[in-house]
Amino acid sequence: QVQLVESGGGLVQAGGSLRLSCVVSGRTFTFYAMGWYRQAPGKQRDLVATVSSGGSTTYADSVRGRFTISRDNAKNTVYLQMNSLKPEDTAVYYCNAVKMVGVRAEYWGQGTQVTVSS
């Protein structure tokens, strides 16, 4: 069973920065496309950014130019660098892994809270 463990959330003032990390267990990290999602209270879970095993990235319009997703395949870790944070970025952020080789599988982390104060 693959496990995803997020860290790096917290409270920050508007305009500040945070870096989220997600460590993935197992030896097949490169089989997975990785993503970050977020869910604010009372709202649906939305895609924030994705990174393929080869490093190709996509971003939601609301974070493009402020957030950067990256991965370190040697450390089984995906990162989300968040700069110029806004109060509307406040949410629980979830790490997501989608297996792209062999039998499809999808896994989620437990979530980490990000709160941006105005």
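Use the structure listed above.
Asker: Even after reading the chapter, I still don't get a nonpolar patch on the surface, so can you show me in this structure?
Answerer: Together, Phe 31, Met 100 and Val 101 line one region of the surface with nonpolar side chains, adding up to about 270 Å² of accessible area. Structurally, Phe 31 is set in the loop between strand E3 (18-24) and strand E4 (32-39).

Asker: What's the story with the pattern of salt bridges in this structure? I'm lost.
Answerer: Pairs can form between side chains of opposite charge whenever their charged atoms are close. What the rule picks out here adds up to three salt bridges. Residue Arg 38 is joined to Asp 89 by a salt bridge in which the shortest nitrogen-to-oxygen separation is 2.9 Å. Here Arg 38, found in strand E4, pairs with Asp 89, found in the loop between strand E8 (77-82) and strand E9 (91-99); they are 51 residues apart in sequence, far enough to count as distant. Residue Asp 89 is classed as buried on the basis of its relative accessible area of 0%. Where salt bridges share partners, they join Arg 38, Arg 66 and Asp 89 into one cluster.

Asker: Quick question: what am I supposed to make of the state of the cysteines here?
Answerer: Joining two cysteines, a disulfide is a covalent bond between their sulfur atoms. Under the defined criterion, the tally for this structure stands at one disulfide. Across a sulfur-sulfur distance of 2.2 Å, Cys 22 and Cys 95 are joined as a disulfide pair. Its S-S torsion of about -85 degrees marks the bond between Cys 22 and Cys 95 as left-handed, since a negative value means left-handed. Of this pair, Cys 22 sits in strand E3 while Cys 95 sits in strand E9, and the two are 73 residues apart along the sequence. Per residue, the accessibility class of Cys 22 equals that of Cys 95, and both read buried.

The rules behind these values
- Residues numbered from 1 in each chain as written.
- Predicted model: local features only at pLDDT ≥ 70, side-chain atom pairs only at ≥ 80, totals over all residues.
- Heavy atoms only, no water.
- Patch = residues over 30% accessible without salt bridge, like charges linked within 9 Å, V, L, I, M, F, W, Y side chains within 5 Å.
- Areas by Shrake-Rupley, 256 points an atom, 1.4 Å probe, with all protein chains shown as cover.
- Salt bridge = Lys/Arg side-chain N within 4 Å of Asp/Glu carboxyl O.
- Helix = DSSP H or I, 4+ residues; strand = E, 2+ residues; numbered from the N terminus.
- Buried < 20%, exposed > 50% of the residue type's maximum accessible area, 1.4 Å probe, protein only.
- Disulfide = S-S within 2.5 Å.

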